[in-house]
Every structure is written in structure tokens, then in C-alpha cells.
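Listed below, chain by chain, are the residues.
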Protein chains: 2
Amino acid sequence: MRKAAFVMRLLAGFFGALILTSGASALDDPLPSWNAGAAKTAIVDFVTAVTTAGSPDFVPPADRIATFDNDGTLWVEQPFYTQLAFALERVKALAPQHPEWSTTQPFKAVLEDDLKTLAAGGEKGLVELVMATHAGMTTDEFAAIVTDWLKTARHPRLKQPYTKLIYQPMLELLAYLRANGFKTFIVSGGGVEFMRPWTESVYGVPPEQVVGSTIKTEFELRDGKPVLMRLPQIDFIDDKTGKPVGINKFIGRQPIAAFGNSDGDLQMLQWTTSAPGRRFGLIVRHDDAEREYAYDRDSHIGRLDKALDAAPAAGWTVVSMKRDWNAVFPREK
Amino acid sequence: MRKAAFVMRLLAGFFGALILTSGASALDDPLPSWNAGAAKTAIVDFVTAVTTAGSPDFVPPADRIATFDNDGTLWVEQPFYTQLAFALERVKALAPQHPEWSTTQPFKAVLEDDLKTLAAGGEKGLVELVMATHAGMTTDEFAAIVTDWLKTARHPRLKQPYTKLIYQPMLELLAYLRANGFKTFIVSGGGVEFMRPWTESVYGVPPEQVVGSTIKTEFELRDGKPVLMRLPQIDFIDDKTGKPVGINKFIGRQPIAAFGNSDGDLQMLQWTTSAPGRRFGLIVRHDDAEREYAYDRDSHIGRLDKALDAAPAAGWTVVSMKRDWNAVFPREK
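The shown structure was predicted, so the numbers you read here are calculated from the model rather than taken from an experiment.

Here's the deal with the pairing of strand E1 (residues 65–68) of chain B
Residues and elements named next belong to chain B.
- Covered by surrounding structure in E1 are Ile 65 and Thr 67 together with Ala 66 and Phe 68, the residues of both alternating faces.
- Where E1 lies against strand E2 (residues 183–191), 4 bridges are found, and the strand directions are parallel. If you follow Thr 67 over to E2, its bridge partner there is Phe 185.
- With 3 bridges joining them, E1 and strand E5 (residues 257–260) adopt parallel strand pairing. When the sheet's bridge partners are listed, Ala 66 is paired in E5 with Ala 257.

This is the structure in C-alpha cells:
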């Protein structure tokens, strides 16, 4: 079930112009890229309530845990997850060492940019691609591969490095929470070792605060030197009902605030905001086809349907990218 | 294999006058319970080297990760792991709700204090005991059970609450490292949810910095409220070769210092100290039968054999509890 969910997530649709908008800045406003409105007010009210000594909603710093989904919440997830782009491009890069791939599916389809055949291969094919590109090397080697790839990879429509396609308002939110004593975590369906090499420099979130899906690794002495080999076996899928499980397993505390953008975040939002005390849930709604993308209930990627329906009764803040954000991406430096 | 290792660990021997020794204190010495000598010097030299700006061994604060084993390194592990004492006492506490246990092994053996029969039941019996006492409730319920149990449980020989049978010199070491910008983690073969309820108050290590063995949990809506149910299935065994795997999975950085006391810590020590740059490995050797326990190569619990042999060539510091510690436990307050 979880394996299927993971694969469906990667499989989802294979479907262009970005205007880099300058983020406004104001010395006194910690959230300058957020327009005045209900969403911004809700954020500031929550943070003020839980950090004001003597407030009935006060939360000690140690318990100020905030969890953020990554794909679609902190960075662009369309037209397909960056990790899938990585897998496809890695297949091409590795093809010279695998002459058999030119006649073997699903590799042949990737090499021929035949996305239709690739999609038809379904779950089994996707798992093969992921395992061929994510396993069979040490953890250090994989981190280096990811780091190198990100240096040159570009988003197909936005023509930018993926690590620049991050949401400026969310960067401000992360920094605002940290400045108020929160510990910020990423809780993503993506692979934890695909994220950890860059989350600290890009988001200010250190590796030990990244929760994600994992494949199995194995300790091995290689020429007397200990290494961890990445095995082609799924260990844990940190998506949907897996998110509360992953939070409990990796963090061991219930967050007091959770941020997501899709039904994959529904259970994390439920679990976070149903606990006693003042809690905060937020959903980023992608409704800005001009500056980014517009999609929700019918999208194969980042579908937002059940969580959107649940939001009003649960008291979750729904952010309109178009209305609430005066900048989407960081200003070019 | 891992399941077997986990069970052997819990199964290990059932054997066993504490003198509460006053910890010396000196305003200028961050490690007053450590006698002057090679071990103390090695610790201070390492910390000085990696924290001195301009030193060739300088390590930025973010990379100052230190990992500590728990059983036998931070608290007493003889005559058997505290978590096993918990399991056995929980069987007795739950027996009235399980009349069938009076005639069913391994429960009958526990209820009759028949440790010989219990040991003869081997792995299968132990797993049954662990699952009967650690699963079938929510994560919140389990945390409350552990917390309540620790309030009244007493060590069979030392007659103290388990959370007072912690090593004063190691508490000082944890605090000394944190004062020098280290992030201190526990990496234990014990159950992570057995430790997290108390590690912050007892060791100053917050739940999100505790790595350990896990059982599976499942997200569930119970009367509309989300809970995580603990399932009777082992998820991950954080012992021996599992320790580097657990560190990589939960922390995602390689430690620069590791502290252990048994062969269960061998691979963690290897993995930590084989990385490039200044690294530190330390083994606590239990050689103080009077104040605590004396055991090493032949012990069923906390066996120290291969790691002891490997220590000289690897440059690990071997601490003699008898010689290097002027206090073992915290002074009564």
C-alpha cells in the first residue's frame, strides 16, 4: 500500500514563464512577501499567542515544533517532483555504463523521452528507475551525486536551478518561526537523503531536522573503512498516514504547527492540530498559473481535495499564492 | 538476524551495595567527577582542538554531533536492561486482565519468577513478552505507562529509581559538550519510545535527539481523533551494525564523537572515528564491582570484547570506572 502510494506520487503526471518577482522588504515586517490579509494575520496571531509569557496559549520553546512539507510547500513540485526529474536524468547519465538499457523497459522509454510508455509501465517501472538511480552506492556517494546534479539541473519550464525555485514567503516564515524559538522540521514524502545535502544551505534546516522516505542501508567494511551501502529496498514511506508515523518516529514530539499543500499532508495536519492547546495548520493553495502553477482537486501531483474540504471545520489557514504572496521566489541576488 | 540480536540483548543474563558517592565539585572544572588522568585529558584535548578557531582540527558548531549509547554508558544496565525489568513488571501488573497467562508460557514463568524457564523459552518467548507489554496502545498511552512505572520501580540491588542510576561523570560530559556547541544524541539499542518520555529531564537530551529501536505504529482516527497505535511488529533494531544505520537515518550526519561501553557500540565507534578529521571514541569499562558492577568479555549483558580489542589501534579512550571516576552516581539532593 505504502509502496504503491510512493510510486503513484512519483508517477503522477508528466505535463511554462516565470516572472521573478521582487520580494518587498520592510525593516519591521518579518514577513514582507506576505500581503496583509487573513493568512498573514493568522500566522502572526498564532506566533504571538504561543510565545507571549503569561498567555493562556503560551508554549515553552522546547515544544515549539513546526513541520513543513517540502514539494509544493517549500519548493515547486510541478510538472513533476524534482526527485523524479533526478531519477530520469540519472538514467540518461548512467546509460553508457548500461548498454542493455537501450532495449530494456522502463529504461528504453526514459532514454527515448517516451513518457507515455513510461507512464504505462506503472508502479513496477518507476520502482525500477528509482532503485537503479538511488541504490547501489554508499550514502556519501549518493549525497555527492545529488549535490552535483543540483548544480546543473534546470526546471523544464522555469529554466532555473531547482534550489532557486523555493518560495520566498515560506523562507520568511521559516525564519520568523525560528526567531521565535521554534525548531523547524521538513516532513516530506520525498527521499530523506535526496533532501539532506542541501536543506541547510537552502532553507536553514539542518539534516537532523529532515524527515522523509527512506530506503534500507547496510553497514559494511570496505577495505577496512566503514561505509553505509544503499540497498534497493524501500524502508519507509513518509506520506499521508505515514507523516504522523514519521514525525513520531524521527522527532518524537507532536508539532504545534504544520504546513502543507496537498492531501499528502492531511493526516499531518489532523494529527498536529487535534492535540490540546493552541495549534496551527496551514495549506498553500496553488492558484497562480502566471507566476507559478494553478492546480488543486484534479491534479495528479499535489492533489488538494480532501484537505481543502477539511480546512474550514479544522480551522486551517488556506493561503492563496495569487492573493497572499507579493513575491513567489527569492529576488535574484 | 537483527530480531535475534535484539532478543539476545534483552534475554541476556539475569544476575546482580551501592554507595552513593559525592561528586566532587570545582568551580573551574567542567568535569569534577573525572579524576585527572589520560581519559580526562583526552576528552578535554579533543574538545579544545575542535572548538578553537584557527585550529587545524576546528569543526563548525553545526557538525559537532556527539552520540551516546544509553544502557551501560549513561545508566546502569546490570543485572538486566531496565526495559526488560519494565516488561516483566508490566506482565505482573497486567496479569489480572489476562487470566490465561497463569497457564501460558512465557507469561506463567514471569508470574512465578521462574527465570530459568523464561530463559529456556528463548527468543520467541521474549518477543511475546515485549509485544504484550509494548504494543496495543497509543503512543501517548505508552509514554504515560513508562512515566508512571519509572516513578515507583526500583533497581533490584541498588534499591534506587532507575533514573537516579545514571552516571554523574557522563552527565558532566554531556553538559560540557553542549556548553562547547555540541548537539548530544542518544543512540541506543533500547526502544526509542521507552526513552523519550524522560531523557530530557534526566540527561538534558530532548526526544528529537534520541535514536533507538522502534516498533511499527499506525495512524488511526479513534472517535474522530487521530492517534498512533503501537503494533506488535519490530520496525528497526538500533544495535551493532544497526547503530550507524540508525544514525544515518535519524540524524543524517556523521558524528565526530561517540561514546559506548560494549560490542553493541563497536560499529558506531568505527563509523564515527574513521571519518576524516579529528574524531573521538570512548568506551566506559565497568570494572567497579563495589560502586557499580564489574564485567566485560564474558558478560551476557553489555559484553565488551571485540571493541576492547579494537580500541588501542583505533585510538579510542578506555575509561576505567574505578580509576577515572571519583563519583559514579549523582549526589543525593
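Okay, back to it.
Things to note about the packing of helix H12 (residues 266–273) of chain B against helix H13 (residues 306–314) of chain B
Residues and elements named next belong to chain B.
- The contact between H12 and H13 brings their axes to 10 Å, and the two run at 15°. With respect to their mutual orientation, H12 and H13 come out roughly parallel. Considering how the two elements wind past one another, H12 and H13 form a crossing that is left-handed. Taking contact as the criterion, the partners of Leu 266, Leu 269 and Thr 273 in H12 are, on H13, Lys 306, Ala 307, Ala 310 and Ala 314.
- Residues belonging to the contact of H12 with H13 are distributed by class as follows: 5 nonpolar, 1 polar and 1 charged.

Remarks on the relation of the copies chain A and chain B
- When chain A is fitted onto chain B, the two copies agree to an RMSD of 0.0 Å after a turn of 180° and an axial shift of 0.0 Å. With respect to symmetry, the two chain copies, as superposed, fit the operation of a two-fold axis. Among all residues of chain A, the one whose C-alpha sits closest to the rotation axis is Phe 250 of chain A, at a distance of 3.0 Å.

Here we look at the interface of chain A and chain B
- Taken together, the 27 residues of chain A in the interface contact 27 residues of chain B.
- Those elements that place two or more of their residues in the side of chain A that touches chain B are strand E3 (210–222), strand E4 (225–236), helix H11 (242–250) and helix H12 (266–273) of chain A.
- Ranked by residues supplied to the side of chain A that touches chain B, first place goes to H11 of chain A with 5 residues.
- In terms of residue class, the side of chain A that touches chain B is made up of 13 nonpolar, 9 polar and 5 charged.

Conventions and cut-offs
- Residues numbered from 1 in each chain as written.
- Chains lettered and ligands numbered in written order.
- Predicted model: local features only at pLDDT ≥ 70, side-chain atom pairs only at ≥ 80, totals over all residues.
- Buried ≥ 20, exposed ≤ 12 C-beta atoms within 10 Å, placed from the backbone.
- Helix = DSSP H or I, 4+ residues; strand = E, 2+ residues; numbered from the N terminus.
- Pairing = 2+ DSSP bridges.
- Axes fitted to C-alpha atoms, helices over the stretch in contact; angles between N-to-C directions.
- Parallel < 35°, antiparallel > 145°, perpendicular 65-115°, else oblique.
- Left-handed = near helix turned anticlockwise from the far one by under 90°.
- Contact = placed C-beta atoms within 7 Å.
- Nonpolar A, V, L, I, M, F, W, Y, C, P; charged D, E, K, R; others polar.
- Least-squares fit on C-alpha atoms with pLDDT ≥ 70 in both.

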